[in-house]
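Single-letter residue listing:
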Amino acid sequence: MMSESNSIEQIVADNAPQALGAYSQAVKANGFVFVSGQLGIDPQTGKLAGDTAEEQARQALKNVSNILQAAGSSVEKVVKATIYMHDVEDFTKIDAEYAAVFKTSPQPARAAFGGNNLPKGALVEIEAIAVQ
């Protein structure tokens, strides 16, 4: 039997896109929230929130934020983020959207990768790890 400190909880946010496969939007465990990669999908329409990397990044970050709120956390508590880009040439535009959200000090640790074929033809996907 797991103790309370070792419990694992699935997080579901109604104001973020539902999982596209066999995974959770996020999982809470041992004081951390692990948010699965979020595409720039508008949860109201189920479609990408625009044709540009910056529009999709803005929506992906909203989705991350909404999931963190559902877990009792926030973007201010993110300790690590990963950005997956279809085209690394979009990095500057995506980074500008990212910087508008992650204004805290210290900013989260981060990795960014280009050359990814993402689901639904997306241009960007963002995942995050936060404390509660």
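For the structure, check the block above.
All figures in this text were calculated on a predicted structure; none of them were measured in a lab.

(A) Just the pairing of strand β3 (residues 32-39), in detail. By the criterion of burial, β3 is predominantly enclosed, with 6 of the 8 residues buried. Pairing between strand β2 (residues 26-29) and β3: 4 bridges, direction antiparallel. Within β3, the residue paired with V27 across the bridge is F34. Connecting β2 to the antiparallel partner β3 that follows it, the hairpin turn spans 2 residues, and N30 within it adopts a positive phi of roughly 50 degrees. In terms of strand pairing, β3 meets strand β6 (residues 124-131) through 6 bridges, oriented antiparallel. The residue bridging F32 from the neighbouring strand is V131, located in β6.

(B) Region of interest: the sheet that holds strand β1 (residues 8-11). Read across the open sheet, the 6 strands follow the order β1-β2-β3-β6-β4-β5; overall the sheet is mixed. Two strands close off the open sheet at either side, each with one partner strand: β1 and β5 (109-113). Within the sheet, the average angular offset between the axes of one strand and its neighbour, ignoring direction, is 15 degrees. Of the strands in this sheet, β1, β2, β3, β4 (78-85) and β6 are in contact with helix α1 (residues 53-70), which crosses β3 at around 150 degrees.

(C) Representation of the packing of aromatic side chains. Using the criterion set out here, one finds 3 aromatic pairs in the structure. Taken together, a centroid distance of 5.9 Å and an interplanar angle of 15 degrees make the contact between Y84 and F113 stacked. On the criterion of sequence distance, the pair formed by Y84 in strand β4 and F113 in strand β5 is long-range, its members being 29 residues apart. Judged by its relative accessible area of 22%, Y84 is partly exposed. The class of F113 is partly exposed, set by a relative accessible area of 43%.

Conventions adopted
Residues numbered from 1 in each chain as written. Predicted model: local features only at pLDDT ≥ 70, side-chain atom pairs only at ≥ 80, totals over all residues. Heavy atoms only, no water. Buried < 20%, exposed > 50% of the residue type's maximum accessible area, 1.4 Å probe, protein only. Helix = DSSP H or I, 4+ residues; strand = E, 2+ residues; numbered from the N terminus. Pairing = 2+ DSSP bridges. Axes fitted to C-alpha atoms, helices over the stretch in contact; angles between N-to-C directions. Contact = heavy atoms within 4.5 Å. Phe/Tyr/Trp six-rings, centres within 6.5 Å; stacked < 30°, edge-to-face > 60°.

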